[in-house]
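These are the residues of each chain, in order.
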Amino acid sequence: MAEKAKKPPAHLSAAARKWFRSVVNDFDLEDHDMNLLVLACEALDRGEQARQRLAVEGVVFTDRFGCPRAHPCVAIERDSRLAYARLLRELCLGDVDGNEAPRPPALADNRGY
């Protein structure tokens, strides 16, 4: 892998850049894995941005009809966490004991019932 590819993208937060560097140093990643790592960092940042906004504005707001509604950042935070977790699973960065492989993603038509 080229040395340039080991540098975190400048648009990432300081925390995401730090995590990016630690992953690159600890794991031998292919070029396609580097793309997934960047996406995971972006998901991490997006979720943190949403979490910070929710901390200030709250998770619920009142619409123009006086009805309570979930803040849009609730969905952004949730979706970012899911994307991050799935990208980590794709990268196989979690702890794997012995011969156990990470759980593969579920197929859309295989719901287990």
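Structure's up top.
Predicted model, so just to flag it, every value in this text is computed and none were measured.

Asks: Looking at this structure, I do not really get the overall build of the protein. What am I missing?
Replies: For the protein, the helix and strand inventory stands at three helices and two strands. Shown N-terminal to C-terminal, the secondary structure of the protein runs as helices and strands in the order α-α-β-β-α. Scored against the burial criterion, the 113 residues of the protein give a buried share of 26%. As displayed, the protein offers around 8500 Å² of accessible surface, 53% of which is attributable to carbon and sulfur atoms.

Asks: I would appreciate a short explanation of helix H2 (residues 31-57) in the present structure.
Replies: Residue pairs spaced three or four apart in an α-helix point in one direction, given the helix's 3.6 residues per turn. If you check H2, its first and last C-alpha atoms are 39 Å apart, about what 27 residues at 1.5 Å a residue would give, namely 39 Å. Where H2 is concerned, the buried positions are Asp-33, Met-34, Leu-37, Val-38, Ala-40, Cys-41, Ala-43, Asp-45, Gly-47, Ala-50 and Leu-54. For H2, the elements touching its buried residues are helix H1 (14-26) and helix H3 (72-91). Positive backbone phi, at 85°, marks Gly-58, one or two positions downstream of H2.

Asks: Help me understand the packing of H2 against H3 in this model?
Replies: A packed helix pair is summarised by two numbers, namely the angle formed by the two axes and the spacing between the axes. The interhelical angle for the contact between H2 and H3, taken along N-to-C directions, is 155°, at an axis separation of 8 Å. Judged by the angle between their axes, H2 and H3 are roughly antiparallel. Here H2 and H3 pass one another in a crossing that is left-handed. Among the residues forming the contact of H2 with H3, the class breakdown is 15 nonpolar, two polar and six charged.

Asks: What's the story with the side chain of Asp-63 in this structure? I'm lost.
Replies: Mapped onto the fold, Asp-63 is located in the loop between strand E1 (60-62) and strand E2 (68-70). Owing to a relative accessible area of 16%, Asp-63 belongs among the buried residues under this scheme. A distance of 2.9 Å separates a polar side-chain atom of Asp-63 from the backbone nitrogen of Phe-65.

Asks: Looking at this structure, I do not really get the pattern of salt bridges. What am I missing?
Replies: Pairing is possible between side chains of opposite charge, provided their charged atoms come close. Tallied over the full model, the rule gives five salt bridges. With its nearest N and O atoms 2.7 Å apart, the salt bridge here joins Arg-51 to Glu-48. On the criterion of helical spacing, the pair formed by Arg-51 and Glu-48 is a turn pair, its members being three residues apart in helix H2. On the basis of relative accessibility, which here comes to 31%, the residue Glu-48 falls in the partly exposed class. Of the charged contacts, one joins Glu-77 and Arg-81 as a salt bridge, the two residues approaching to 2.9 Å between their closest N and O atoms. Of the two residues, Glu-77 and Arg-81 are both situated in helix H3; the distance of four residues between them amounts to about one turn of the helix. Here Arg-81 falls in the exposed class, since its relative accessible area comes to 54%.

Definitions and cut-offs
- Residues numbered from 1 in each chain as written.
- Predicted model: local features only at pLDDT ≥ 70, side-chain atom pairs only at ≥ 80, totals over all residues.
- Heavy atoms only, no water.
- Helix = DSSP H or I, 4+ residues; strand = E, 2+ residues; numbered from the N terminus.
- Buried < 20%, exposed > 50% of the residue type's maximum accessible area, 1.4 Å probe, protein only.
- Areas by Shrake-Rupley, 256 points an atom, 1.4 Å probe, with all protein chains shown as cover.
- Expected span 1.5 Å × (residues − 1).
- Contact = heavy atoms within 4.5 Å.
- Axes fitted to C-alpha atoms, helices over the stretch in contact; angles between N-to-C directions.
- Parallel < 35°, antiparallel > 145°, perpendicular 65-115°, else oblique.
- Left-handed = near helix turned anticlockwise from the far one by under 90°.
- Nonpolar A, V, L, I, M, F, W, Y, C, P; charged D, E, K, R; others polar.
- Polar contact = N/O pair within 3.5 Å; in protein donor to acceptor, adjacent residues only side chain to side chain.
- Salt bridge = Lys/Arg side-chain N within 4 Å of Asp/Glu carboxyl O.

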